[in-house]
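A look at the structure
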Amino acid sequence: EEEDRAPAAAITDAEREAMRLQAEKQAREQAEAERAALMAQAAAWKAEAERAAAERAAAEEAAKRAAEAQAAAERSRLAEMEAARMANERAAATEAAAQEGIARAEAQARLAAEQAAAEKQAAEARAAEAQRNADMERMRAETATQEKLQAEAAAAQAAAAASPVGAVHGDDDGEEDDTMTEEDKRVKSELALIMMELWEPKSDEAVEKCLVRLIQLADRVRNRKLIRIAGAIPILVGMLTAADPNLPLTKCQSLSLECIALLSKNVLNREDIRKNGGLSPLVSFVHKKEQKDQVEALKALKECGKSSKNKALLRKAGFIETLIPFTMADQPEEIQCLVLDVLTVLNFNDPQSQQAMRDAKGVPPLVNLVHSPKVEIQKRAVRTLGAVGGGNRKLQTLIRKTKVLPHIVKLLDHADAEVAKAAGGAVASLVDNDLHNQTLVLKAGGIKSLIAQLGSPNDSLVEQACAALRACVKNFKKAQNAVRTAGAVVSLVKLLSSSYESVIIHATGCLMEVARGNTKNQDAICYGGAVSLIVASLHTNSPVLQYHACGLLWAVAKGSKKRRQAFIKAKAVPPLKMLCNSPSEQVAKGAQWGLEVLGQK
């Protein structure tokens, strides 16, 4: 140190000042540098602090957001948990309610099923009882209807001696009976199977098969009643009603039509067909292009038209006017024959239908057909003319003016017995209560031809000849005398012992008109062996024959004590007294007249 201080002592003051100043300057510079460094350091620290503060703030913000997010997530999780809890509670409550509802529904269902079963059982019992009552009511109604129809038929036969449509009406089914044979039972079982298929058809082929079998069954008279009872007619009519008028019939519809045509031969079936709306489609089918369907429709309408209610409906619907063009146009023979048959049925004993024919100018075409070279058409045309003019003075006059009556008289001698019979029926209708026509037939030789027919082996021809003679001589003395002078009284009396009841009926009616008011004829009949035969007819079970026998007795015995005594001696009084209590008003009245003419009470 002394060595260091020695050189310093040698330093001058100026140098020392300079050194001091230099030192101070260096110190200042160093201080400045240090301060700058410190300030830079401080700025750096400040920046660092600010950055740190910013980072801390950001971290705090992020932490805050994270905390908030976490809190939100927690809240959401808690909310979800709460929602799940509540959903579970609701589901549990719903399930519990559902289980309770199911249990309640099952209980109610069981109760309802039990009630339904009880009600079904009660309903079945009521239905069975109702069915039994309905069956009994139907049977009573059918019996009453049939009795009424049969009574009407008997009355008509008693009131009208001639029936120009005998051949048309002759194919009706006989009286129904309630007897159930083993064959009927077998058919009923088969019908039950057929009806099940028709009620719930599986295919057209199956239905066709059932319909074919139904037609086969309907071909037998007894089965037609069973088919009606089985309920087939409404189903068959339903098939016909569903037919498109612009298209040909389907196979099933065509088979149904054929079956209806067969079933309509039964008197009660005709009523069922009408009640189920079957007439309208049948009428429309007449215009079908397919001849087979036309034929079956006309067959059905011919049978249905025999019912007075059906006849009225067809007439009001303009069916007669519809058929008249078929008598004029060039139609197939089968169609034209059936049209004539239908017109015959509709006009027979129906003044309104006869008037409809007249108004529609239907007589001239019939007159033309009387001259047809075709025997079947000619026969039917003659028969139809008789039906149109029967009992109608205006039409009798109109037909006479056409000058067709002499030609009809010529047909009485036709080689074909059916044509001759049809001519007899037409003569009977056209001369009835018409003196002009009676005279015309007498002059044309009609009486002679009819008398010749009395000896025919054909019973139906004989029957018609008797009916025609009766109409020709009624209240016409010239014709009465012509019958006697031709020796026909003997022939007629002989017919009173015929084995054919209808011949006896018509021969009796004919003799009644031959005898009425004609003393010579009365004597010829009385002393020609008729008395015992007349009395024998009083003992029969036929109301129609009883009625005619009473009338003949009255006509023969009237005006002569000797003839009256002949009947009393033949013991006519006891059966007459018995017949006074007949359920038939006509027979009872006739018996009273017979007793009166014999001077008995």
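Every residue gets a number counted from 1 within its own chain, in the order that chain's sequence is written. It should be noted that, the model being predicted, local features are given only for residues of pLDDT at least 70 and side-chain atom pairs only at 80 or more, the latter also being counted only at that level, while totals for whole chains, interfaces and linings use all residues. The side-chain values count all of the structure's non-hydrogen atoms but skip hydrogen atoms and water molecules.

1. Some words on the overall build of the protein chain
The condition that has to hold: Counting from the N terminus, the helices are DSSP H or I runs at least four residues long and the strands are E runs at least two residues long. Relative accessibility thresholds used throughout: buried, under 20% of the residue-type maximum; exposed, over 50%; partly exposed, between the two (1.4 Å probe, protein chains only). In these tables, accessible area is a Shrake-Rupley quantity obtained with a 1.4 Å probe, and a residue counts as shielded only by the protein chains included in the view.
In terms of regular secondary structure, the protein chain is built from 31 helices and zero strands. Taken across its 601 residues, the protein chain has 41% of its residues classed as buried. For the protein chain, the computed accessible surface area is about 31600 Å², with 56% contributed by carbon and sulfur atoms.

2. Structural notes on the packing of aromatic side chains
Two aromatic rings, taken as a pair, are described by how far apart their centres are and by the angle between their planes. Here is the rule we go by: Stacked, edge-to-face and tilted are the three classes for Phe, Tyr and Trp ring pairs, Trp counted by its six-membered ring, which pair at centre distances within 6.5 Å; planes under 30 degrees apart are stacked, over 60 edge-to-face, the rest tilted. Each ring is checked for a lysine NZ or an arginine CZ that lies within 6 Å of its centre and within 35 degrees of its normal; such an atom marks a charge sitting over the ring.
Evaluation of the coordinates by the stated rule reveals zero aromatic pairs. Its end group placed over the ring of Y527, K562 keeps NZ or CZ at 5.3 Å from the ring centre.

3. Concerning the pattern of salt bridges
Here is the rule we go by: The rule for a salt bridge is simple: a side-chain nitrogen of Lys or Arg has to be within 4 Å of a carboxyl oxygen of Asp or Glu.
According to the stated counting rule, one finds 26 salt bridges in the structure shown. E271 serves as the salt-bridge partner of R274, at 2.6 Å between the closest nitrogen and oxygen. You can see R274 and its partner E271 sitting in helix α9 (residues 267-275), three residues apart, about one turn around the helix. Across the pair, exposure class does not vary: R274 and E271 are buried alike. The partner of E376 in a salt bridge is R380, and the shortest N-O contact between them spans 2.5 Å. In this pair, E376 and R380 are both assigned in helix α17 (residues 375-389), four residues apart and thus about one turn of the helix distant. A relative accessible area of 15% places R380 in the buried class. Each member of the salt-bridge network shares a partner with another, and the members are D341, E376, K379, R380 and R383.

4. Focus: helix α14 (residues 333-347)
Structural remark: α-helix, 3.6 residues per turn; residues separated by three or four positions point the same way. Here is the rule we go by: The span one expects for a helix is its residue count, reduced by one, times 1.5 Å.
Along its 15 residues, α14 runs 21 Å from first to last C-alpha, staying within 8% of the 21 Å computed at 1.5 Å per residue. Burial analysis of α14 places 13 of its 15 residues in the buried class, which makes it a mostly covered element. Positioned one or two residues after α14, N349 has a phi angle of 55 degrees, which is positive.

5. Description of the packing of α14 against helix α15 (residues 351-359)
To keep it simple, the criterion reads: Only the stretch in contact is used when a helix axis is fitted, and all axes are lines through C-alpha atoms; the angle between N-to-C directions ranges over 0 to 180 degrees. Every angle not falling under 35 degrees, over 145, or within 65 to 115 is termed oblique; those three ranges are roughly parallel, roughly antiparallel and roughly perpendicular. Contacts are assigned to residue pairs with any non-hydrogen atoms lying within 4.5 Å of each other. Each residue is assigned to one of three groups, with Ala, Val, Leu, Ile, Met, Phe, Trp, Tyr, Cys and Pro labelled nonpolar, Asp, Glu, Lys and Arg labelled charged, and all others, Gly among them, labelled polar.
At their nearest, the axes of α14 and α15 sit 7 Å apart, and the two run at 130 degrees to each other. As far as their axial angle goes, α15 and α14 are oblique. Seen from α14, the contacting residues are L343, L346 and N347; seen from α15, they are S353, Q354 and M357. Taken together, the residues that form the contact of α14 with α15 break down as three nonpolar, three polar and no charged.

6. Notes on helix α27 (residues 519-538)
Rules: Here the bend at a residue means the angle between the axes of two seven-residue stretches, the one that ends at it and the one that starts at it.
For α27, spanning 20 residues, the distance from its first C-alpha to its last is only 23 Å, which falls clearly below the expected 28 Å at 1.5 Å a residue. The largest bend in α27 comes to about 80 degrees, at G529. What α27 keeps buried is the set N521, Q522, I525, C526, A530, V531, I534, V535, S537 and L538.

7. A word on a nonpolar patch on the surface
Spelled out, the test is: Without a salt bridge and with relative accessible area above 30%, a residue can belong to a patch; like charges are then joined within 9 Å and nonpolar side chains (Val, Leu, Ile, Met, Phe, Trp, Tyr) within 5 Å.
Taken together, the side chains of L193, M196 and W199 define a hydrophobic patch exposed on the protein surface, amounting to about 390 Å² of accessible area. For L193, the location among the structural elements is in helix α4 (residues 182-199). A relative accessible area of 61% means that L193 is categorised as exposed.

8. With respect to the packing of helix α23 (residues 459-473) against helix α26 (residues 501-515)
Counted only if it meets this: Crossing handedness: left-handed means the near helix sits turned counterclockwise from the far one by under a right angle, and right-handed means the same turn made clockwise.
Two numbers describe how α23 lies on α26: the axes approach to 8 Å, and their chain directions differ by 20 degrees. Between α23 and α26, the angle falls in the class roughly parallel. Seen along the crossing, α23 lies across α26 with a hand that is left-handed. Across the interface between the two elements, D459, V462, E463, C466, A467, L469, R470 and V473 from α23 touch S502, V503, H506, A507, G509, C510, M512, E513 and V514 from α26. Looking at the contact of α23 with α26 residue by residue, the classes come out as ten nonpolar, three polar and four charged.

9. Description of the environment of L263
Along the chain, the position of L263 falls in helix α8 (residues 251-263). Not counting residues up to four positions away in its chain, the partners in contact with L263 are A218, R224, I227, I233, L236 and N269.

10. Examining the side chain of Q294
To keep it simple, the criterion reads: Under the rule applied, a polar contact is a pair of N or O atoms within 3.5 Å (in protein, one hydrogen donor and one hydrogen acceptor; residues adjacent in sequence only if both atoms are side-chain atoms).
Assignment of secondary structure puts Q294 in helix α11 (residues 291-304). Judged by its relative accessible area of 10%, Q294 is buried. Reaching out from Q294, the side chain makes a polar contact with the backbone oxygen of K288 at a distance of 3.4 Å. Those residues in contact with Q294, other than ones at most four positions away along the chain, are F285, V286, K288, F326 and I335.

11. With respect to the nonpolar core
The criterion, for reference: We define the nonpolar core as a collection of buried residues of types Ala, Val, Leu, Ile, Met, Phe, Trp, Tyr and Cys that are connected through side-chain atoms lying within 4.5 Å of one another.
Formed by 137 residues in total, the largest nonpolar core has its most connected members in L198, I408 and F567. Beyond its immediate sequence surroundings of up to four residues, I408 is in contact with V370, V382, L385, A423, A426, V427 and L430.

Coordinates in, geometry out; function isn't part of it.
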